[in-house]
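In case you want the letters, here they are:
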Amino acid sequence: MTGFIPVNEPVLDGNERKYLNECIDTGWISSEGPFIREFENRFADRVGRKHGVAVCNGSAALDAAAAALRITSGDEVILPTFTIISCASAISRLGATPVVVDCDQATWNMDVSKIESRITPRTRAIMVVHIYGLPVDMDPVLELAARYGLSLIEDAAEMLGQTYRGRPCGSFGDISTFSFYPNKHVTTGEGGMIVTDDEALAERCRSLRNLAFQPARRFVHEELGWNFRMTNLQAAVGLAQLERLDEFVARKRAIFDAYTRLLSGASGIQLPVASTDYATNANWVYGLVLTDAVPFDAGEAIRRMADRGVGCRPFFWPMHEQPAYLKDGLFAGERHPCAERIARRGFYIPSGLALTEEQIARVAAAVREMLA
Ligand SMILES: *Cc1c(COP(=O)(O)O)cnc(C)c1O
């Protein structure tokens, strides 16, 4: 029993140092260096897409993706309420309206049967977000997008290396995005990637990430972009990480199996779904939901785990309960009971790649103790 177990710790013992030294030795440290294109190309290949556009984080990837699709004031975009704020803010910052649907109580993903009733003449796109370990059930979403002529944005930040019916997550959207925050399957410290098969969309993302500078008249702007560029240093780390993706995904799945073995049968908690007919859980994080019989909520569970030397994090807070939106009158009176419940009853335990078997056993023991 030694040491606090953090909620995440990355593994950086491949070629990261070697490639970073190359950046320093050659002086290529900005976004102009050669690792950027190499990382973009290898990454796009890996998820089965034609184009990759590296950016400074996963939230920026969503901002640029939505802007590249020309989503604008008056448009509506349907997305899950149970997600990170970046998804909704990418829509609302463009003056468009995020329209949310509840999640499924077992998979915690968007309940795809609730999408169609929220489609209106203003709906421009559906944004799917794969949550925690399992992909969204894509077939019904693809069918709806085709039938209603809607664009599809796919936030695959938590699902690098995962597949849906054998096809890579990140290969489904007209435009799909990833994050390389240190708790993601591959990290660059901070970083993100946009992937697409559409050459024009990729070009537009490249322009938007680079302040919409123009090739011919650099400082004359037809529209406003952002500085969302990734540095060569980040891409160097990303390339080294990507080389080990298969190993990382296998390790994450092994952590999932170990937790499930140690926690199955524990009363008071709902465990993540191990597999569905379309995917096996890739364990971005190992979530737990307190059953209604437990007399305290996730906040108290997290405090009890911290007392036992284990770092945990709460689940997402639903978009329709965000003070930042409610004060503007958005989502007034909306109820999405499944998301509301898991936001209050759910949290995740340490799930990072550096976890040892001994730490996994300690975490599982702490969960059982905390519930007793
Ligand atoms: C991590 C994450 C993001 C945001 O990525 P950052 O790199 O932290 O900006 C967006 N969407 C989902 C689903 C995520 O898990």
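Residues numbered from 1 in each chain as written. Predicted model: local features only at pLDDT ≥ 70, side-chain atom pairs only at ≥ 80, totals over all residues. Heavy atoms only, no water.

Asker: A description of the state of the cysteines should follow, citing residues and the corresponding values.
Answerer: Using the criterion set out here, one finds zero disulfides in the structure. No disulfide involves Cys-205; its nearest neighbouring cysteine sulfur is the one of Cys-56, lying 13 Å away. Not engaged in a disulfide, the cysteine Cys-312 finds its nearest cysteine sulfur in Cys-103; these two sulfurs lie 20 Å apart. The class for Cys-312 is buried, based on a relative accessible area of 6%. (Disulfide = S-S within 2.5 Å. Buried < 20%, exposed > 50% of the residue type's maximum accessible area, 1.4 Å probe, protein only.)

Asker: Provide a residue-level description of the confidence of the model for the chain, including the pertinent values.
Answerer: Across the chain, the average pLDDT comes to 97, with 100% of residues at 70 or higher. Averaged over each element, pLDDT in the chain is lowest for helix α12 (residues 357–371) (97) and highest for strand β2 (residues 76–80) (99). (pLDDT = per-residue confidence, 0-100. Helix = DSSP H or I, 4+ residues; strand = E, 2+ residues; numbered from the N terminus.)

Asker: So, the packing of helix α8 (residues 245–263) against α12: which residues are in play, and what are the values?
Answerer: Two elements in contact, α8 and α12, have axes separated by 10 Å at closest approach and are oriented at 40°. The element α8 and its partner α12 pack so that their crossing is right-handed. Residues Arg-251, Ile-255, Ala-258, Tyr-259, Leu-262 and Leu-263 of α8 form the contact with α12, whose own contacting residues are Glu-357, Ile-360, Ala-361, Val-363, Ala-364, Val-367 and Arg-368. Looking at side-chain class alone, the contact of α8 with α12 contains 10 nonpolar, no polar and three charged residues. (Axes fitted to C-alpha atoms, helices over the stretch in contact; angles between N-to-C directions. Left-handed = near helix turned anticlockwise from the far one by under 90°. Contact = heavy atoms within 4.5 Å. Nonpolar A, V, L, I, M, F, W, Y, C, P; charged D, E, K, R; others polar.)

Asker: If you had to explain the site of the ligand to someone new, which residues and values would you point to?
Answerer: Near the ligand, the surroundings consist of Asn-57, Gly-58, Ser-59, Ile-84, Val-129, Asp-155, Ala-157, Glu-158, Ser-179, Lys-184 and Gly-191. The contact in question runs from an oxygen atom of the ligand to an N or O atom on the side chain of Ser-59, over 2.6 Å. Burial of the ligand by the protein amounts to 91% of the accessible area it has alone, namely 380 Å². Among the residues making up the shell around the ligand, the classes are represented as three nonpolar, five polar and three charged. (Near = heavy atom within 4 Å. Polar contact = N/O pair within 3.5 Å; in protein donor to acceptor, adjacent residues only side chain to side chain. Areas by Shrake-Rupley, 256 points an atom, 1.4 Å probe, with all protein chains shown as cover.)

Asker: Account for the sheet that holds strand β10 (residues 269–270), with residues named and values stated.
Answerer: Across the sheet, which stays open at both edges, the four strands sit in the order β10-β11-β13-β12 with antiparallel pairing between neighbours. Strands with a single pairing partner mark the edges of an open sheet, and in this sheet they are β10 and β12 (313–314). Bridge analysis of strand β11 (residues 286–290) against strand β13 (residues 346–349) gives four bridges, and the strand direction is antiparallel. Paired with Val-289 across the bridge in β13 is Gly-346. (Pairing = 2+ DSSP bridges.)

Asker: Tell me about unusual backbone geometry, and name the residues and values.
Answerer: Backbone geometry at Asn-283 places phi at a positive 50°, although glycine is not the residue there. Mapped onto the secondary structure, Asn-283 falls in the loop between β10 and β11. Backbone geometry at Phe-331 places phi at a positive 65°, although glycine is not the residue there. By the secondary structure assignment, Phe-331 is in the loop between α10 (323–326) and α11 (337–345).

Asker: So, α8: which residues are in play, and what are the values?
Answerer: In this model, α8 (19 residues) spans 27 Å end to end at C-alpha, consistent with the 27 Å of a helix rising 1.5 Å per residue. Of the residues making up α8, those classed as buried are Leu-245, Phe-248, Val-249, Lys-252, Ile-255, Phe-256, Ala-258, Tyr-259 and Leu-263. Of the residues trailing α8, Gly-265 is marked for its positive phi of about 90°. (Expected span 1.5 Å × (residues − 1).)

Asker: Describe the pairing of β2, listing the residues and the values that go with them.
Answerer: With respect to burial, β2 is a largely interior element, five of its five residues being buried. Alternating positions in β2 separate into two faces, Glu-76, Ile-78 and Pro-80 on one and Val-77 and Leu-79 on the other, with burial throughout. Across five bridges, the pairing between β2 and strand β3 (residues 97–101) is parallel. The residue of β3 that forms the bridge with Val-77 is Pro-98. Where β2 meets strand β4 (residues 123–129), three bridges bridge the pair, whose relative direction is parallel. Residue pairing across strands places Ile-78 opposite Ile-126, the latter belonging to β4.

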